Amino acid sequence: MQSNLQQDFGNIDIYLFDQLLKGTYGNCKKVLDAGCGSGRNLVYFLQNGFEVYGIDPNAEAVGAVKTLSKNLAPDNPQTNFKVAAAEDMPFDDQYFDLVICSAVLHFAHSEQHFDRMLRSMWRVLKPGGFFFARLASDIGLESLVIPVGNGRYLLPDGSERFLANEHMLLNYTIALNAHLYEPLKTTNVQNLRCMTTWCLQK
């Protein structure tokens, strides 16, 4: 069984897997992974008839996801995968049914950079489309993180990240005229870091 799960889903984000189990994205056709890396979250989509796209600023990562796509879905065009940053999407407005953004937004350099990334991804999402994000937050760690400026913090695990907070995420939800299709969920990793799942529908 373990082998079959790996073949069917790869090393998928567990909270994205949760949405697949719930059937949330059953009517989606065009899927973008913004910050796709080597494609860990795309195995299921590639093997199940979705039109799959990906961007990443790392050319090696884009090369790897192209190879993955070629092996799992030969008919999925290689041109769907591009070297690009989240804040500068090379796609038309309202193009995707689902935008995945896993472990990307916490690399923002500042609040302005976070805003540009988020609004760029929102721009390419169709009305009624789904936005799935996992990002570092201070939720549950408020007293343990050290601000270093521009919305960035030093975490107890030694890393430095841009950290969202609950107020910020809920305010953006309102500002984007979106609604949460799941409540905010935060995983606290032994008070070293926290990752929040932010699920919006346009």
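Residues take numbers from 1 onward in each chain, read along the sequence in its written order. At least 70 in pLDDT is required for a residue's local features to be given in this predicted model, at least 80 for side-chain atom pairs to be given and counted, and no such filter applies to totals for whole chains, interfaces and linings, which use all residues. In computing side-chain properties, one takes all heavy atoms of the structure into account and sets aside hydrogens as well as water.

This part takes up the packing of aromatic side chains. Pairing of aromatic side chains requires ring centres within 6.5 Å, counting the rings of Phe and Tyr and the six-membered ring of Trp. Pairs whose planes differ by under 30 degrees are stacked, by over 60 edge-to-face, and all others tilted. By the definition in use, this model includes 18 aromatic pairs. Look at Tyr44 and Phe45: their rings are 5.6 Å apart centre to centre, the planes differ by 80°, and that puts the pair in the edge-to-face class. Lying over the aromatic face of Tyr95, Lys30 brings its terminal NZ or CZ to 3.8 Å of the ring centre. Definition used: whenever NZ (Lys) or CZ (Arg) falls within 6 Å of the ring centre and also within 35 degrees of the ring normal, the charge is taken to sit over that ring.

When a carboxyl oxygen of Asp or Glu lies within 4 Å of a side-chain nitrogen of Lys or Arg, that pair is called a salt bridge. What the rule picks out here adds up to 9 salt bridges. For the salt bridge of Asp97 with Lys126, the shortest nitrogen-to-oxygen distance reads 3.4 Å. With Asp97 in strand S4 (residues 96–102) and Lys126 in strand S5 (residues 125–136), the pair connects residues that are 29 residues apart, well separated along the chain. Here the term buried applies to any residue with accessible area under 20% of the maximum for its type, exposed to any over 50%, and partly exposed to those in between, with areas from a 1.4 Å probe on protein chains only. In this structure Lys126 comes out as partly exposed when scored by relative accessible area, which is 27%. The residue Lys185 makes a salt bridge to Glu182 at a minimum N-O spacing of 3.0 Å. The class of Lys185 is partly exposed, set by a relative accessible area of 29%. Helical segments are the DSSP runs of H or I of at least four residues, strand segments are the runs of E of at least two, and each set is numbered from the N terminus.

A separate point is helix H6 (residues 166–175). Because the α-helix completes a turn every 3.6 residues, residues three or four places apart line up on one side. Of the positions making up H6, those classed as buried are Met168, Leu169, Tyr172 and Thr173. An end-on view of H6 places all buried positions within 140° of arc, on one side of the element. Along H6, exposed side chains directed more than 90 degrees from the buried face belong to His167, Ile174 and Ala175. Summarising the contacts, the buried residues of H6 are in contact with helix H5 (111–123), S5, strand S8 (160–162), strand S9 (179–180) and strand S11 (193–201). Two N or O atoms form a polar contact when they lie within 3.5 Å of each other; inside protein one atom must be a possible hydrogen donor and the other a possible acceptor, and for residues adjacent in sequence the pair counts only when both atoms belong to side chains. At the N-terminal end of H6, a side-chain oxygen is found 3.1 Å from the backbone nitrogen of His167, two or three residues along, and the residue is Asn165. Looking one or two residues past H6, Asn177 carries a phi angle of roughly 55°, positive in sign. Working note: the arc is built from the helix axis to C-beta atom directions. Residues are treated as being in contact if the distance between any of their heavy atoms lies within 4.5 Å.

The next subject is the sheet that holds S8. Any two strands between which DSSP finds at least two bridges are classified as paired. Spatially, S6-S7-S8 is the arrangement adopted by the 3 strands of the open sheet, whose pairing is antiparallel. Only two strands of the sheet have a single partner each, and these edge strands are strand S6 (146–149) and S8. Strand-to-strand twist in this sheet, taken as the mean axis angle between neighbours without regard to direction, amounts to 35°. Sheet topology note: the strand S7 (residues 152–154)/S8 ladder contains 3 bridges and is antiparallel. By the bridge assignment for S8, Leu154 is matched with Glu160. The axes are straight lines fitted to the C-alpha atoms, using for helices just the contacting stretch, and the angles between their N-to-C directions are given from 0 to 180°.

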